[in-house]
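Chain and residue survey
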Amino acid sequence: MKDSFGREIKYARISITDLCNLRCKYCMPEEGIRKKACSEILNIEDYVIIAKALVDLGIEKIRITGGEPLVRKGLLSLVRQIGAIEGLKNLAITTNGILLPKYGEELYKAGIKNVNISLDSLDPEKYKDITRGGNLSDVLAGIENSIELGFEKVKINVVLIQDFNDDEIEKFVRLTEKKPIDVRFIELMPFKGQHELALGKYLPGDVVLEKVPDLQAIDDEDSSSPARYYKLEGALGRVGLINPLSHKFCDRCNRLRITADGFILSCLHSRKEIDLKGSLDDPDKLKELILKSINEKPLSHNLEKGELMDRDMINIGG
Ligand code: SAM
Ligand code: SF4
């Protein structure tokens, strides 16, 4: 499946809830978000129907995300069903890690191959502050547990936030010395609800290379990856930079996004979204809408020119 600019679309991210057990300051309002009525949000079977249509059309990798996917009832059943779809090569999940000690093993058995865990500070008080109440030891236990279980890849996602975690960059990088993990630094993006914080606290990803000059650039086997990868000499893991603002990667973007309420977006920052809910019992129509979204995938976002996203990250799933 190629889009109108010749990009091969192989990867879909499916958000399965807007709800979360944390309240990260750059992502969620303090009071949380309104819980949607059951009729607004898709049920587990609906996500499986969409996943099957996506794989039929050539999607090879699916990532389950949210909100926080581990709080969604029925998650394990969903993972088992999506993991069993013939033709799907990789099933991954992005989580804040808090519930990984509880569900990690079941997720591994159900077919998850890659786990991305979000962690913006290694200091318990700062972690509690940025997540508005999270417990750092829970996430660290989730990371250790994931490494021990033997997921193919365990990645830590760190959003770079000025005057918050710039003093911890080296400490994060050093985690890769002895652990077989990727630590990836992500530039803070300006979304509607939280954009004031995002605009004031943005740090370009290259600051990581300034703080840790002994990082050496390496090639990534996955040429569509948004991350540029680096390594410390002799380290077990890698360091990635995901720089959507300072080094746009739209030219190699291969992804689609499905929101928890059943819309398809072909770009994280596009205002064009197509409602799939009414077509779930008509496989041909469903595929037609997915193809329409791919055809309309924009060439690039314009965040660096001050454009903001209408939906918040929590509604799209990162
Ligand atoms: N709750 C899960 C988690 O935190 O990993 C999955 C959903 S979360 C929306 C997905 C990713 O988006 C997280 O790594 C989070 O740090 C990132 N994120 C949220 N808001 C962001 C923003 N404004 N800029 C950059 N990344 C953001
Ligand atoms: Fe929740 Fe993830 Fe957003 Fe933090 S980044 S509030 S953990 S959805």
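Above this text is the structure in question.
What comes next is a walk through the structure. All values reported here derive from a predicted model rather than from experimental measurement. Per chain, residue numbering runs from 1 following the sequence as it is written. Numbering of ligands from 1 and lettering of chains from A proceed in the order in which they are written. Whole-chain, interface and lining totals are the exception, using all residues; otherwise, since this is a predicted model, local features are given only for residues with pLDDT of at least 70 and side-chain atom pairs are given and counted only at 80 or more. The basis for the side-chain values is all heavy atoms of the structure; hydrogens and waters are excluded.

Thoughts on the environment of Val-207
Under the scheme used here, helices are H or I runs from DSSP no shorter than 4 residues and strands are E runs no shorter than 2 residues, and both carry numbers assigned from the N terminus. With respect to the element layout, Val-207 can be found in helix α8 (residues 207-211). It is 10.0 Å that separates the C-alpha atoms of Val-207 and Leu-241, two residues lying 34 residues apart in sequence. Throughout, a contact is declared for two residues whenever any of their heavy atoms are within 4.5 Å. Discounting chain neighbours no more than four positions away, the residues touching Val-207 are Leu-160 and Ile-169.

Description of the pairing of strand β9 (residues 238-242)
Remark: exposure states derive from per-residue accessible area (1.4 Å probe, protein chains only) relative to the maximum for the residue type, with buried under 20%, exposed over 50%, and partly exposed in between. Taken across its five residues, β9 has five buried, putting it largely inside the fold. With burial as the criterion, each face of β9 is covered, one bearing Arg-238, Gly-240 and Ile-242 and the other bearing Val-239 and Leu-241. Alignment of strand β6 (residues 182-187) against β9, held across five bridges, turns out to be parallel. Looking across to β9, one finds that Val-183 is bridged to Val-239. Strand pairing is defined by DSSP finding a minimum of two bridges between the two strands. The pairing of strand β8 (residues 227-231) with β9 spans four bridges and is classified as antiparallel. Of the residues in β9, the one forming a bridge with Tyr-229 is Gly-240. Two successive antiparallel strands, β8 and β9, enclose a turn made up of six residues, where Gly-234 displays a positive phi of approximately 75 degrees.

Thoughts on the nonpolar core
Ranked by internal contacts, the top residues of the largest apolar core, which has 76 residues, are Ile-62, Ile-82, Phe-185 and Val-208. Ranked by the residues each element gives to this core, the list is headed by helix α1 (residues 44-56), at eight residues. Not counting residues up to four positions away in its chain, the partners in contact with Phe-185 are Val-158, Leu-160, Ile-169, Phe-172, Val-173, Val-208, Val-239, Gly-240, Leu-241 and Ile-242. Take the buried Ala, Val, Leu, Ile, Met, Phe, Trp, Tyr and Cys residues and link them wherever side-chain atoms come within 4.5 Å; each set so joined is a nonpolar core. One finds Cys-24, Cys-27, Ile-130 and Leu-188 within the second-largest nonpolar core, a separate group that totals eight residues.

Examining the sheet that holds strand β5 (residues 153-160)
Read from one edge of the open sheet, twelve strands run β7-β8-β9-β6-β5-β4-β3-β2-β1-β10-β11-β12, paired in mixed fashion. Edge strands, defined here as strands with exactly one partner in the open sheet, are β7 (216-218) and β12 (273-275). With direction set aside, neighbouring strand axes in the sheet form an average angle of 25 degrees. Relative to strand β10 (residues 255-258), strand β1 (residues 11-15) runs parallel, the two being bridged by four bridges. Here an angle of 0 to 180 degrees is reported between the N-to-C directions of two axes, which are lines fitted to C-alpha atoms, with helices fitted over the stretch in contact.

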